[in-house]
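Chain and residue survey
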Amino acid sequence: MSATTSVAASEARRPQPTPDPDSQGFWDATASGELRICRCRECRTWMHPPQEVCPQCANEVSFEPVPGTGIVYSFIIVRHPAVEGFEVPYVIAVTELDGTDGIRLSTRLVDVDPERVWIGMPVRVRIVDHPGGDFRVPVFAPAE
Ligand SMILES: [Zn+2]
C-alpha cells in the first residue's frame with residue numbers, strides 16, 4: 001500500500017457530522033459551498049451553535065451568509081492522533097468570524113505550518129469535501 005493510499009484509507013474513517021433540525025441549515029449551506037450562520041430574523045442576534053429559536057426573543061431563525069473571513073481567536077496544535085483520519089500535527093482553531101458580532105467557530109486550519117499560527121492571524125474560509133462521507137465542511141487558511 002502506498003503512502004497516498006494509506007492516507008486516503010485513513011481519511012475515509014474520519015468522524016462525520018451529525019446534523020439535527022437546528023444545524024441542518026448550516027450543513028445545507030456548506031453542501032452548496034457557502035458558510036452561513038444562524039441568525040434571528042427579528043432581533044438579528046447571531047448564534048452558533050445554531051438554535052431552534054432565538055434565545056433572546058424566541059423568534060424564528062434562519063441561516064445567513066457571512067464574509068468568510070476572520071481571525072484566530074485561539075488554537076491548539078494536535079500532535080497525538082486521537083481522532084482517526086487526521087494526520088498529525090494539525091491545528092484546531094477557534095476562529096472569530098467577521099460580520100457576526102463575534103461569533104466563534106471551531107475549525108481546522110489548513111495550508112499553514114502549525115508553528116507559524118498566531119492569535120489574531122487573519123484567516124479565510126474554504127468549504128472542502130470531508131472524506132468518508134458526503135459532507136462538505138468549513139476549514140480556514142491564512143488570508144492573503
Ligand atoms: Zn431574536
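Scope of this entry: the structure provided in the associated data block.

Quick look at the pattern of salt bridges
Opposite charge on two side chains lets them pair, provided their charged atoms get close. Going through the model one piece at a time under the given rule, you end up with ten salt bridges. Linking Glu84 and Arg13 is a salt bridge whose minimum nitrogen-to-oxygen distance equals 2.6 Å. On the criterion of sequence distance, the pair formed by Glu84 in the loop between strand 4 (69-78) and strand 5 (90-97) and Arg13 in the loop between helix 1 (3-11) and helix 2 (24-31) is long-range, its members being 71 residues apart. Here Glu96 makes a salt bridge to Arg104, at a shortest N to O gap of 2.9 Å. On the accessibility criterion, Glu96 (22% relative accessible area) is partly exposed. Residue class for Arg104 comes out partly exposed when judged on its relative accessible area of 38%. Members of the salt-bridge network, linked through shared partners, are Arg39, Arg44 and Glu64.

Topic: the coordination of the zinc ion
Those donors, Cys40 (SG), Cys43 (SG), Cys54 (SG) and Cys57 (SG), are the protein atoms that reach the zinc ion, and they lie 2.2 to 2.3 Å from it. Here the zinc ion is ringed by four donor atoms whose angles at the metal span 99 to 118°, and the overall shape comes out tetrahedral. Within one chain, the residues donating to the zinc ion are spaced in sequence as C-x2-C-x10-C-x2-C. Taken together, the positions of Cys43 in the loop between strand 1 (36-40) and strand 2 (46-47) and Cys54 in the loop between strand 2 and strand 3 (61-65) put the pair eleven residues apart, joining distant regions of the chain. A residue is classified by how much of its surface remains accessible, and Cys54, at 2% relative accessible area, is buried.

Calculation rules
- Residues numbered from 1 in each chain as written.
- Predicted model: local features only at pLDDT ≥ 70, side-chain atom pairs only at ≥ 80, totals over all residues.
- Heavy atoms only, no water.
- Salt bridge = Lys/Arg side-chain N within 4 Å of Asp/Glu carboxyl O.
- Helix = DSSP H or I, 4+ residues; strand = E, 2+ residues; numbered from the N terminus.
- Buried < 20%, exposed > 50% of the residue type's maximum accessible area, 1.4 Å probe, protein only.
- Donors = N, O, S within 2.8 Å, 3.2 Å for Na, K, Ca; no water.
- Tetrahedral: all angles 85-135°; square planar, octahedral: opposite > 155°, others 65-115°.

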